[in-house]
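# Architecture at a glance
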Protein chains: 2
Amino acid sequence: MQSFTEENYLKIIYHLAESSSNVQTNAIAEQMQTKPASVTDMIKKLAEKGYVDYVKYQGVTLTEKGKNAAIDIVRKHRLWEVFLVDKLNFKWDEVHDVAEELEHIKSETLIERLDEFLGFPKSDPHGDPIPDKNGRFAKTHFTKLIDLKVGDGGTITGVSQHSSAFLKLLEKLGLTLGKQIKINDVTDFDGSVEILVADKQINISREVAKHILISSNGKN
Amino acid sequence: MQSFTEENYLKIIYHLAESSSNVQTNAIAEQMQTKPASVTDMIKKLAEKGYVDYVKYQGVTLTEKGKNAAIDIVRKHRLWEVFLVDKLNFKWDEVHDVAEELEHIKSETLIERLDEFLGFPKSDPHGDPIPDKNGRFAKTHFTKLIDLKVGDGGTITGVSQHSSAFLKLLEKLGLTLGKQIKINDVTDFDGSVEILVADKQINISREVAKHILISSNGKN
DNA sequence: ATTTTTTTTTAGATTTACCTAAAAATAAAA
DNA sequence: TTTTATTTTTAGGTAAATCTAAAAAAAAAT
Ligand SMILES: [Mn+2]
Ligand SMILES: [Mn+2]
Ligand SMILES: [Mn+2]
Ligand SMILES: [Mn+2]
């Protein structure tokens, strides 16, 4: 059984590994809001316990054991987020910090019952997939809104930024999960995107467009 | 804000204070499953922070601040227990350990929403009262079953022992909350009690009878 | 191929919550 | 009122997770 802190490290390493197979000390430090020296200490411990493979100065990769442990925490995190939104009427921008604590509650039974209570949801309030009890989940490959061409359309199915500020903005713009959108134009000058959503035309910055994930239903 | 450990100490001191105004170091150590020396350390810290009044060798009493903090944790513990039983179909003997962890999740909003979601319950699965958001709750004064006389009757409204073994036994005997009982006889030899419950006559030991709380509806 | 910059690791401390063993205070028994 | 037993505290130490400052390695720039 892992400590709170170990679990947080594992989860962060898992997420970082999605973009770079070898996860760097500094990257972990930044995510954990701690110092690289502390990360080195913890990395050694995780390697000791068989959660990561570690070569000095070369960063870490999760072992099978480490990956399973990480996925288990991700599963808990996302299930709790669904609970907070579906049952306790939290907004999608309010759930992260609380789920960050709830994910560490240690009870197999609890999480299986919760899963059942929620109706075995497949994705969390941000569109991220929820691993099943065996750690399996569909690898979703969405397109970033920014990568669509003029005329393309699709459904908003995820976000790649979970900050409250960003999520609140999307809420205000009506860019929530499930909404249909269509690219009307891309502004030459600043690369901002004109999109059509719910029959209204709005303009969003490149920065925003980068973090909206679309399940594309092809060109039009 | 208090640490996990501080919260557990406060809660235990609060419960111990129900039977003896001055709570002893050894008593705390026993409940916390730790050593008296460790308790002395923690007591000093809690006194430092203003949660307890402490006189060397004389044990501790909770300050107003300490009492409020303790009641807040009790509230969370009991609300989570209700959630586990009412929503996730846990048995009353399965909830304690999980609630012991859940009670430390820090979010005012979470607990208010949970309270609402559960319909503002007044008591937990063991009959213990749930403080409202201001820390107020009805002081319940039940009679121990063991103190009833032959012919007396009443409703089971609580237990003063939360061990899984005890609760499972009650479940098996059909002695669950809300059940009507009546004292038919007290055995001279061993003090065991003959009671009538759901039209069946059963015999329970003194030890069991001591921990069942009855809201007496008077003599027969 | 050097120099400079960035990344990572070590060395040495600190804090929190523990522990054991021994001393001190209090309470109970003789 | 001594003596004995119990309770509580001190003294000194450990393990986990952190920190700062400085050294070492690797990567990038010149
Ligand atoms: Mn976390
Ligand atoms: Mn999420
Ligand atoms: Mn607890
Ligand atoms: Mn309870």
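Just so it is clear, the model here is predicted, and its values are computed rather than measured.

Cut-offs and rules
- Residues numbered from 1 in each chain as written.
- Chains lettered and ligands numbered in written order.
- Predicted model: local features only at pLDDT ≥ 70, side-chain atom pairs only at ≥ 80, totals over all residues.
- Heavy atoms only, no water.
- Near = heavy atom within 4 Å.
- Polar contact = N/O pair within 3.5 Å; in protein donor to acceptor, adjacent residues only side chain to side chain.
- Helix = DSSP H or I, 4+ residues; strand = E, 2+ residues; numbered from the N terminus.
- Domains from an automatic or database assignment.
- Donors = N, O, S within 2.8 Å, 3.2 Å for Na, K, Ca; no water.
- Buried < 20%, exposed > 50% of the residue type's maximum accessible area, 1.4 Å probe, protein only.
- Contact = heavy atoms within 4.5 Å.
- Buried area = accessible area lost by both parts, 1.4 Å probe.
- Pairing = 2+ DSSP bridges.
- Axes fitted to C-alpha atoms, helices over the stretch in contact; angles between N-to-C directions.
- Least-squares fit on C-alpha atoms with pLDDT ≥ 70 in both.
- Phe/Tyr/Trp six-rings, centres within 6.5 Å; stacked < 30°, edge-to-face > 60°.
- Lys NZ or Arg CZ within 6 Å of the ring centre and 35° of its normal.
- Parallel < 35°, antiparallel > 145°, perpendicular 65-115°, else oblique.
- Nonpolar A, V, L, I, M, F, W, Y, C, P; charged D, E, K, R; others polar.

Neighbouring residues of DNA strand D: 21 residues in total, closest Thr34, Ser38 and Lys45 of chain A together with Lys44 and Tyr54 of chain B. Expressed as a percentage, the sugar and phosphate content of the atoms of DNA strand D within 4 Å of the protein is 79%. Thr34 of chain A has a polar side-chain atom sitting 2.4 Å from a phosphate oxygen of DNA strand D. Listed by contribution, the elements that provide at least two residues to the surface near DNA strand D are α1 (4-17) and α3 (36-48) of chain A together with α2 (25-32) and α3 (36-48) of chain B. The element contributing the most residues to the surface near DNA strand D is α3 of chain A, with five residues.

Okay, the domain arrangement of chain A next. We note that the domain assignment places domain 1 (4-62) and domain 2 (143-215) within chain A. Once you take the C-alpha centre of each, domain 1 of chain A and domain 2 of chain A turn out to be 33 Å apart.

All names here are of chain A. Note on the manganese ion (ligand 1): its protein donors are Asn8 (OD1), Glu100 (O), Glu100 (OE), Glu103 (OE) and His104 (NE2). The metal-donor distances range over 2.1 to 2.6 Å. Within one chain, the residues serving as donors to the manganese ion (ligand 1) are arranged as N-x91-E-x2-E-H. By relative accessible area, Glu100 is classed as partly exposed at 23%. Taking relative accessible area as the criterion, Glu103 reaches 0% and is therefore assigned buried.

All names here are of chain B. Looking at the metal site, the manganese ion (ligand 4) is ligated by Glu81 (OE), Asp124 (OD) and His126 (ND1), spaced 2.1 to 2.3 Å from it. Each donor residue of the manganese ion (ligand 4) belongs to the same chain, with the gaps between them written as E-x42-D-x1-H. Of this pair, Glu81 sits in helix α4 (residues 64-86) while His126 sits in the loop between α6 (108-117) and β3 (143-144), and the two are 45 residues apart along the sequence. Each member of the pair, Glu81 together with His126, is buried.

Contacts between chain B and chain A engage 20 residues on the former and 20 residues on the latter. Overall, the association of chain B and chain A removes approximately 1,600 Å² of surface from exposure, summing both partners, and the carbon and sulfur fraction of that is 74%. On the chain B side of the contact with chain A, Leu88, Glu101 and Arg113 of chain B bury the most area, a combined 30% of that side's loss. Elements with a contribution of two residues or more to the side of chain B that touches chain A: α4, α5 (96-102) and α6 of chain B. Per element, the largest residue contribution to the side of chain B that touches chain A is five residues, and it comes from α6 of chain B.

Next up on the list: the environment of Thr176 of chain B. Summarising the element assignment, Thr176 of chain B is placed in the loop between α7 (164-173) and β5 (180-186). If near-sequence neighbours (up to four positions away) are discounted, Thr176 of chain B is found in contact with Trp92, Ile156 and Glu171 of chain B.

Moving on, we get to the sheet that holds β3 of chain B. Residues and elements named next belong to chain B. Strand order across the open sheet formed by six strands is β3-β8-β4-β5-β6-β7, with antiparallel pairing between neighbours. A single partner strand is all that each edge strand has here, and the edge strands are β3 and β7 (200-204). Strands in contact with α7 are β4 (153-159), β6 (193-197), β7 and β8 (212-216); relative to β4, the strand with the most contacts, it is inclined by about 150°.

Two copies of the chain are present, and they differ by a rotation about an axis and a shift along that axis. You can overlay chain B on chain A at an RMSD of 0.1 Å; the transform is a turn of 180° with a shift of 0.0 Å along its axis. A rotation of that kind, with that shift, is consistent with a two-fold axis. The rotation axis passes nearest to the C-alpha of Leu102 of chain B in chain B, at a distance of 3.8 Å. Residue by residue, 100% of the interface of chain B is reproduced at the interface of chain A, so both copies engage with the same surface.

With that settled, the discussion passes to the packing of aromatic side chains. How two aromatic rings sit relative to each other is given by the distance of their centres and the angle of their planes. One pass over the structure, following the stated rule, counts eight aromatic pairs over all chains. Between the aromatic rings of Phe83 of chain A and Phe83 of chain B, the centroid separation amounts to 5.1 Å while the plane-to-plane angle is 55°, which identifies the pairing as tilted. Of this pair, Phe83 of chain A sits in helix α4 (residues 64-87) while Phe83 of chain B sits in helix α4, on two different chains. No difference in accessibility class separates Phe83 of chain A from Phe83 of chain B, as the two residues are buried. For Phe83 of chain B, a relative accessible area of 0% gives the class buried. The ring of Phe90 of chain B carries the charged tip of Arg113 of chain A above its face, separated from the ring centre by 5.1 Å. Over the face of the ring belonging to Phe117 of chain B we find Lys87 of chain B, whose NZ or CZ atom lies 4.6 Å from the ring centre.

Right, let's talk about the packing of α2 of chain B against α3 of chain B for a bit. Residue and element names in this part refer to chain B. Where α2 contacts α3, the two axes come as close as 8 Å, and the packing angle between them is 105°. By the criterion of interaxial angle, the relationship of α2 to α3 is roughly perpendicular. Seen from α2, the contacting residues are Thr25, Asn26, Ile28 and Ala29; seen from α3, they are Pro36, Val39, Thr40 and Ile43. A class-by-class count of the residues in the contact of α2 with α3 yields five nonpolar, three polar and no charged.

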